[in-house]
Amino acid sequence: MTTELIVKGKLADNERLKAESNFLRGTITEDLKNRITGGFTTDNFHLIRLHGMYQQDDRDFRAERQKQKLEPLHNVMLRARLPGGIITPKQWLAIDKFADEYTSYGSIRLTTRQTFQFHGVLKPNIKLMHQTLNSIGIDAIATAGDVNRNVLCTPNPIESIVHQEAYEWAKKISEHLLPKTRAYAEIWLDEEKVETTEHDEPILGSSYLPRKFKTTVVIPPSNDIDVHANDLNFVAISDNGKLVGFNVLVGGGLAMTHGDKSTYPRKADDFGFISLEHTLAVAEAVVTTQRDWGNRVNRKNAKTKYTLDRVGIDTFKAEVEKRAEITFSESRPYEFTERGDRIGWVKGIDNKHHLTVFIENGRILDTSSNEKAGISKALKSGMRDIAKIHQGDFRLTANQNLIIAGVAEEDKADIEKIARESGLIDDNVSNQRKSSMACVAFPTCPLAMAEAERYLPKLVDDVEIILDKNGLAGESIILRVTGCPNGCGRAMLAEIGLVGKGPGKYNMYLGSNLGGTRIPKLYKENLNEQDILTEIDSLSARWAAERNQDEAFGDFAIRSGIVSEVKISVRDFYDD
Ligand code: HEM
Ligand code: SF4
């Protein structure tokens, strides 16, 4: 290994705890038995992430409990591993039941990384949760923490053959890069203890990765999974409706820290084309190069994107070629033209029907998040009723929506009836609402600085009125809100991105494009909710008056000089 490419210095504490964890076991089992606290202690607090869970408490009640001298009401959020986001109706019914019986919010939360989360599971129910999932063939291994996480795949319901092949690769990549330790099986499924050694963890090693790592398989022209938010992307190249290989994009990522210019969102670089048989070797080589060269001293600069910028793209790529024993050939042409989900019915080439339903904020619950507007929806019951009769599968999208896929002609009417009655199909949802997205933020996310999911519905109501007033009814702007600059709602790939700064305060970024191939640029800082509406009003009025034919808002914002274009991520992003 080339040692001069390794960052020297005192290792971050997370490195110690991973190395000392005995391959992710820690003392989680002992902690589970400890009922004096509802939480996990010391290193286990972090280690449970590698088992798919975050320790949380409801921030709405934190101060009240503190006043009463009670410890926070600790619980966990669980994120399932679901490569490509596919769930069978039978699995759905078990997930639905668990959410009802054992989560404090009663919801199933579809996420921007194509999986679902349970929020608010108390310690005594955690083991049952993993066992319930295991009984339906689902686990939560490595969906958080410094590992390769859930592998995304464009759900593309139309081209069934390409999708099936791409999906199989997403599954294979996920399996290949999984931790091999038996810690998960031992702790949660009561399986026999078998020691894991360094030799058993050849890809990730005993200290795992320097930071989280995200992988996708994407089927152009849709960039629904947002390649530039991910460390490693396989862009499906097909020939005559058959997958022949992938262009490989490395080093995307959106997180940054307010005020720290050593952190920035960055687009992934194109390494070139590989044929199918090299997929796993290349995935492994990118991961192990990042494992060995990633910054283990400073976690803020530990992701692949910073490693690429530090060692140089050519050096990183050459190392991947060496380790995978391949040579990248020239990238094959493709184009990303869209990112949204096609809400409604589409017919696939296999003559099956597929219904994409819009789920605001991905929150599946029987009361809509837009309760104040008097809208009541029975999304969860509707999904349960559909799962009872559906013969195909469900596909979660990376836009927090859901596809009821593979419906036969004769079942279409029944499914449509349930979907309409429960609000899963709602013809009144505007294009603007369909183009809007938020991360979870309050009350569960411990890192939230401002509201996101709870703010979005009202924000969209107001934006709809503004667009209408400015003669833009039916038009839409990709609008995304995240509660902090970590960027889980992918605001840093939005035409208008709002990034939480403090309670009720957001920085506004403008200028991504429809295909998601441009990072937006800071426009104004510290806007309150009224300022945001004032800005969107004047910006959209200009867009209406001055745009070229069919010019999207983000493109207009750049062409008209409202913000300058971010071409080379860091330099243009910070203007120096
Ligand atoms: C340093 C960076 C990051 C940290 C520390 C972080 C941390 C977290 C935490 C604590 C949550 C739990 C929120 C909850 O459900 O209550 C969360 C949710 C989530 N994060 Fe991140 N995150 C980071 C960056 C990102 C990025 C860049 C993405 C994707 C591009 C992402 C994707 C998600 C997703 C999909 C969820 C689930 C909620 C949703 O759909 O919005 N995260 N993250
Ligand atoms: S962006 Fe920040 S506030 Fe939103 S879920 Fe991620 S970590 Fe939490």
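Residues numbered from 1 in each chain as written. Chains lettered and ligands numbered in written order. Predicted model: local features only at pLDDT ≥ 70, side-chain atom pairs only at ≥ 80, totals over all residues.

Asks: Sorry, what's going on with the overall build of the protein chain here?
Replies: When helices and strands are counted, the protein chain shows 18 helices and 20 strands. At 23 Å, the protein chain has a C-alpha radius of gyration in line with the 25 Å of a compact globule built from 576 residues. With the C-alpha coordinates of the protein chain rotated into their principal frame, the extents come out at 65 × 55 × 50 Å. In the protein chain, which comprises 576 residues, the share counted as buried stands at 49%. Put simply, 67% of the contacts in the protein chain that link residues at least 6 apart link residues at least 24 apart. (Helix = DSSP H or I, 4+ residues; strand = E, 2+ residues; numbered from the N terminus. Rg over C-alpha atoms; globule rule 2.2 N^0.38 Å. Buried ≥ 20, exposed ≤ 12 C-beta atoms within 10 Å, placed from the backbone. Contact = placed C-beta atoms within 7 Å.)

Asks: So what exactly am I meant to see when it comes to the site of ligand 1 here?
Replies: Close contacts around ligand 1 come from 23 residues, with T111, C439, T444, N486 and C488 the closest. When its residues are assigned to classes, the shell around ligand 1 shows 11 nonpolar, 10 polar and 2 charged. (Near = placed C-beta within 6 Å. Nonpolar A, V, L, I, M, F, W, Y, C, P; charged D, E, K, R; others polar.)

Asks: Looking at this structure, I do not really get the nonpolar core. What am I missing?
Replies: Here is a general trend for soluble globular proteins: nonpolar side chains tend to be buried in one another's company. Ranked by size, the top nonpolar core spans 99 residues in total, and within it L78, A166, V217, A236, V357 and I404 carry the most contacts. Here this core takes 6 residues from helix α7 (residues 160-177), the largest share from any one element. For A166, the residues in contact, after removing those within four places along its chain, are C153, T154, V217, I219, A236 and L243. If you look at the next biggest cluster of nonpolar residues, it comprises 50 residues, including A229, C484, C488 and W543. (Core = buried A, V, L, I, M, F, W, Y, C linked by C-beta atoms within 7 Å.)

Asks: Help me understand the pairing of strand β19 (residues 505-510) in this model?
Replies: Side-chain direction in a regular strand flips from residue to residue, so the side chains alternate between the two faces of the sheet. Where strand β18 (residues 496-502) meets β19, 6 bridges bridge the pair, whose relative direction is antiparallel. Looking at the pairing, G502 lines up with K505 of β19. Between the end of β18 and the start of β19, which pair antiparallel, lie 2 residues, with G504 showing a positive phi angle near 70 degrees. Relative to strand β20 (residues 521-527), β19 is paired through 4 bridges, and the arrangement is antiparallel. Along β20, the bridge assignment pairs Y506 with L527. (Pairing = 2+ DSSP bridges.)

Asks: Looking at this structure, how should I read the site of ligand 2?
Replies: Around ligand 2 lies a shell of 14 residues, among which C439, C445, G483, C484 and C488 are the nearest. Within the shell around ligand 2, the residues separate by chemical class into 9 nonpolar, 5 polar and no charged.

Asks: How do you make sense of the domain arrangement of the protein chain when you look at a structure like this?
Replies: Along its sequence, the protein chain is organised into domain 1 (344-430) and domain 2 (433-574). Listed per partner, the contact involves 11 residues of domain 1 and 9 residues of domain 2. Considered class by class, the residues forming the side of domain 1 that touches domain 2 number 3 nonpolar, 6 polar and 2 charged. (Domains from an automatic or database assignment.)

Asks: Looking at this model, I keep getting lost on the sheet that holds strand β8 (residues 232-239). Mind explaining?
Replies: Strand pairing within a sheet occurs via backbone hydrogen bonds; the two strands may be parallel or antiparallel. Spatial ordering of the open sheet is given by β6-β7-β8-β9-β10, a layout of 5 strands whose pairing is mixed. A strand with exactly one partner marks an edge of an open sheet, and here the two such strands are β6 (152-153) and β10 (269-275). Strand direction decides the pairing type here: strand β9 (residues 242-250) and β10, joined by 6 bridges, are antiparallel. If you follow V248 over to β10, its bridge partner there is G272.

Asks: Quick question: what am I supposed to make of the sheet that holds strand β15 (residues 402-407) here?
Replies: As summarised here, the arrangement of the 5 strands in space is β3-β14-β15-β12-β11, forming an open sheet in which the pairing is antiparallel. Strands with a single pairing partner mark the edges of an open sheet, and in this sheet they are β3 (86-87) and β11 (344-347). Two strands pair when backbone bridges link them, and β3 and strand β14 (residues 393-396) are joined in this way by 2 bridges, in the antiparallel orientation. If you follow I86 over to β14, its bridge partner there is R395. Across the sheet, helix α13 (residues 412-422) touches β12 (353-357) and β15, and the angle it forms with β12 is around 5 degrees. (Axes fitted to C-alpha atoms, helices over the stretch in contact; angles between N-to-C directions.)

Asks: Looking at this structure, I do not really get unusual backbone geometry. What am I missing?
Replies: Only a minority of non-glycine residues have a phi that is not negative, and only a minority of peptide bonds are not trans. Cis geometry is adopted by the peptide bond preceding P221, which originates at P220 and carries an omega value of 10 degrees. Position of P221 relative to the elements: it lies in the loop between β7 (215-218) and β8. The step from F442 to P443 runs through a cis peptide bond, and the omega angle for that step is 5 degrees. Here P443 shows up in the loop between β16 (436-438) and α15 (456-469). Residue L24 is not a glycine yet carries a positive backbone phi of 75 degrees. Relative to the assigned elements, L24 resides in the loop between α1 (13-19) and α2 (28-33). Judged by local crowding, L24 falls into the buried class, with 28 C-beta atoms found within 10 Å. The backbone of N526 sits at a positive phi, close to 55 degrees, despite the residue not being glycine.

Asks: Is there a simple way to explain α13 in this structure?
Replies: Residues lying three or four places apart along an α-helix face the same way, a consequence of the helix completing one turn every 3.6 residues. What α13 keeps buried is the set I415, I418, A419 and S422. The buried side chains of α13 occupy one side of the element, clustering within an arc of 100 degrees when seen end-on. Once α13 ends, the next one or two residues include G423, with phi positive near 90 degrees. (Arc of directions from axis to C-beta.)

Asks: Looking at this structure, how should I read the environment of R291?
Replies: You can see R291 is positioned in helix α9 (residues 279-293). Given 20 C-beta atoms within 10 Å, R291 falls into the buried group. Spatially, the C-alpha atom of R291 lies 15 Å from that of T215, the residues being 76 residues apart in sequence. In this structure, R291 is in contact with L204, G205 and L209, ignoring residues within four places of it in sequence.

Asks: Whenever I open this one, the environment of I95 confuses me. Can you help?
Replies: Tracing the backbone through its elements, the reader meets I95 in helix α5 (residues 89-102). In this structure the C-alpha to C-alpha distance between I95 and D468, which are 373 residues apart in sequence, comes to 40 Å. Not counting residues within four places of it along the chain, the set of residues in contact with I95 comprises I108 and F116.

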